[in-house]
Structures are given as structure tokens and as C-alpha cells.
Amino acid sequence: MTTISANLQAIKDRIASACDAAGRPAGDVRLLAVSKTFGAAAVHEAVAAGQRLFGENYVQEGIDKMQELHASTAGVPLEWHCIGPIQSNKTRLVATHFDWVHTIDRLKTAQRLSDQRPGDAPPLQVCIQVNVDQGANKSGVAPDELPELAQAVAKLPHLCLRGLMSIPEPTEDPQEQRALFRRVRQLFDQLNATGLCLDTLSMGMSDDLEAAVAEGSTLVRVGRAIFGHRPRKDTLTSSAQGLA
Ligand SMILES: *Cc1c(COP(=O)(O)O)cnc(C)c1O
């Protein structure tokens, strides 16, 4: 077994135990492998180990990787998720190449993605990013602005609103960590109570996936625990890519 396939197995075991502890079926939680800063070779190893969902933060880097992997993964149904902030000048690339976007936090971005989604593609699957620990300087819509944004995004013709994504600040206190994830879950439940049909809660990463699964996560986004430590983006060279 390669390191990546062993790491993937270890993460699946962690997800299964967390589900078990929460009384949830193991199939409830999907694993998104966050491959940002790692090269196509690393993604390829994960694909060979059976991984199908990949998350990228930097739009052009993600597209380059998709293209590099295109021939060798022909026929394998990979799903590419954009999980980084989206600048207006990148929406067309995102709408053209990705299957999912987790980081909707303004209607304008959502409208552009809907307008620019190619006509022959299925709707772009999207989550709204919500900022539950207000005050922290981060992206995401404030909870009190969420209902209005969600209703508007749900109406866009070439998007399918699937749920919420959140990146709460890491805290030392596991109870506090769970409380932040619980807040996202409550917002999700409230939206569903108003008639939306959301099925995706994108929360939990390498260090806090247990707390997220305990509070209802359906999609964990895991990078370092699969691919290893990330080289710093600004020192990244093409020769360093792919070496975990
Ligand atoms: C990098 C990143 C992850 C993965 O984080 P790890 O700590 O490496 O598991 C998850 N979600 C987002 C939005 C990220 O940018």
C-alpha cells in the first residue's frame, strides 16, 4: 500500500468510528480529498485507491490537474469541488470545469456561475459558505443574511443548492468546537423547514472531522491527513508538486 492509500483507509476508519459513535450509518458521510498544492501524481494515487471526490482551492491549479489526469482517468467518474474563494474574473472557469462549488457567499457570484454554466452540463452543485464565528476575519455569509441568500440562490436555473459549508476556527475545547458545528446544522435545519431541500453539510477537516460528524456533517474535506503536509503555496514549484 502506498502512503496515500493507507492514509485514505485511516480516514475512512475515522469517519466510520465517528458515525458509529453518533449512531449514524457510515455511508452518511462522503469524503472529499483536498488535493490543493499536490500534483496530479498524488491525485492519481488516490484515484487508484478508489477515491473519487477531489477538492481544489485555486481555480487554475485545479483545472491544470484535471487536464493532466484526463487521459489516465478516462471513464472514472471523478467529481471536482471548488472549495476556495471565487473572484469574479474566475467564475467562467469554475462554471465550465467544476462539478461543485462550496464557497458561495454573495448572490452576484452565484448569478454569474449560473449564467456561465455551459448549456450541456448538469446544474452546478453548490453550497453556501456560512460564517458562524462572527468576528473572525473570514469569508462566508453572516447567519442573519443566510435565509435571503439561500432563497435567491435556490431559484437560479443552472445551479442546484445542496447545502451549507463552514470552516469554524479551530478551538482547543472540543465542546466549543462541536457547538460551532451544531450552529451550522441548526441553520441548515431552519432552511429545510422553510421549504428548501438541502442534503449536504460540508464541514470537518483533518483535525476536527469527528466533531463535525457528531454534529451532522455529510461531507468532510480532508487534505493533510491524506496527502501529507502542504508545501507553502508561494514556494511551490512544479518539481515540488506531487511529492508528499
Ligand atoms: C485546505 C482546506 C481543507 C483541508 O484542510 P486539512 O486541514 O488539510 O484537512 C478543507 N477545506 C478547505 C476550505 C480548505 O481550504
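In this report, we go over the structure that sits alongside the text. These numbers were taken from a predicted model, which means no experiment stands behind them.

## Describing the overall build of the chain
Right, so step 1: The helix and strand inventory of the chain stands at nine helices and eight strands.
Right, so step 2: Taken over C-alpha atoms, the radius of gyration comes to 17 Å for the chain, in line with the 18 Å a tight globule of 244 residues would show.
Right, so step 3: Roughly 11,400 Å² of accessible area belongs to the chain as shown, and the carbon and sulfur atoms make up 50% of that amount.
Right, so step 4: One way to put it: in the chain the 25 positive side-chain charges average out to a point 3 Å from where the 28 negative ones average out.

## Brief notes about the site of the ligand
Right, so step 1: For the ligand, the set of nearby residues contains 13 residues, the closest of which are Lys36, Asn57, Ser206, Arg224 and Arg230.
Right, so step 2: Separating an oxygen atom of the ligand from a side-chain N or O atom of Lys36 is a distance of 2.7 Å.
Right, so step 3: Between a nitrogen atom of the ligand and a side-chain N or O atom of Arg221, the distance comes to 2.8 Å.
Right, so step 4: Protein chains bury 92% of the 390 Å² of accessible surface belonging to the ligand in isolation.
Right, so step 5: Each residue belonging to the shell around the ligand can be placed in one class, and the counts come to six nonpolar, three polar and four charged.

## Description of the pairing of strand S3 (residues 79-82)
Right, so step 1: The sheet contact formed by strand S2 (residues 53-56) and S3 spans four bridges and is parallel. Along S3, the bridge assignment pairs Leu53 with Glu79.
Right, so step 2: Where the polypeptide runs from S2 across helix H3 (residues 59-69) and back to S3, its parallel neighbour, the crossover connection is right-handed.
Right, so step 3: Bridge count for S3 against strand S4 (residues 100-104) is two bridges, and the pairing is parallel. Within S4, the position partnered with Cys82 by the bridge is Val101.

## Brief notes about the packing of aromatic side chains
Right, so step 1: Taken as a whole and assessed by the stated rule, the structure comprises two aromatic pairs.
Right, so step 2: Aromatic side chains Phe38 and Phe227 sit 5.5 Å apart centroid to centroid with 25° between the ring planes, which places their arrangement in the stacked category. With a gap of 189 residues between them, Phe38 in the loop between strand S1 (30-34) and helix H2 (40-48) and Phe227 in helix H9 (residues 224-227) connect regions that are remote in the sequence. For the pair formed by Phe38 and Phe227, the shared burial category is buried.
Right, so step 3: Between Phe54 and Trp80, the aromatic rings sit 5.6 Å apart at their centres with planes inclined by 35°, giving tilted as the arrangement. Of this pair, Phe54 sits in strand S2 while Trp80 sits in strand S3, and the two are 26 residues apart along the sequence.

## Side note on the environment of Ala95
Right, so step 1: Relative to the helices and strands, Ala95 resides in helix H4 (residues 91-97).
Right, so step 2: Judged by relative accessible area, which is 0%, Ala95 ranks as buried.

## Concerning the nonpolar core
Right, so step 1: Ile128 and Leu164 are the most contacted members of the largest nonpolar core, which has 63 residues in total.
Right, so step 2: What Ile128 contacts, discounting residues up to four positions off in sequence, is His102, Ile104, Val141, Leu146, Leu149, Ala150, Val153, Leu161, Gly163, Leu164 and Met165.

## Observations concerning the environment of Glu169
Right, so step 1: By secondary structure assignment, the location of Glu169 is in the loop between strand S6 (159-165) and helix H7 (174-193).
Right, so step 2: On a C-alpha basis, the gap between Glu169 and Ala214 in space is 17 Å, while along the polypeptide they are 45 residues apart.

Reading the values: the criteria
- Residues numbered from 1 in each chain as written.
- Predicted model: local features only at pLDDT ≥ 70, side-chain atom pairs only at ≥ 80, totals over all residues.
- Heavy atoms only, no water.
- Helix = DSSP H or I, 4+ residues; strand = E, 2+ residues; numbered from the N terminus.
- Rg over C-alpha atoms; globule rule 2.2 N^0.38 Å.
- Areas by Shrake-Rupley, 256 points an atom, 1.4 Å probe, with all protein chains shown as cover.
- Lys, Arg positive; Asp, Glu negative; His and termini not counted.
- Charge placed at Lys NZ, Arg CZ, Asp CG, Glu CD.
- Near = heavy atom within 4 Å.
- Polar contact = N/O pair within 3.5 Å; in protein donor to acceptor, adjacent residues only side chain to side chain.
- Nonpolar A, V, L, I, M, F, W, Y, C, P; charged D, E, K, R; others polar.
- Pairing = 2+ DSSP bridges.
- Right-handed = clockwise from strand over helix to strand, strands pointing away.
- Phe/Tyr/Trp six-rings, centres within 6.5 Å; stacked < 30°, edge-to-face > 60°.
- Buried < 20%, exposed > 50% of the residue type's maximum accessible area, 1.4 Å probe, protein only.
- Core = buried A, V, L, I, M, F, W, Y, C linked by side-chain atoms within 4.5 Å.
- Contact = heavy atoms within 4.5 Å.

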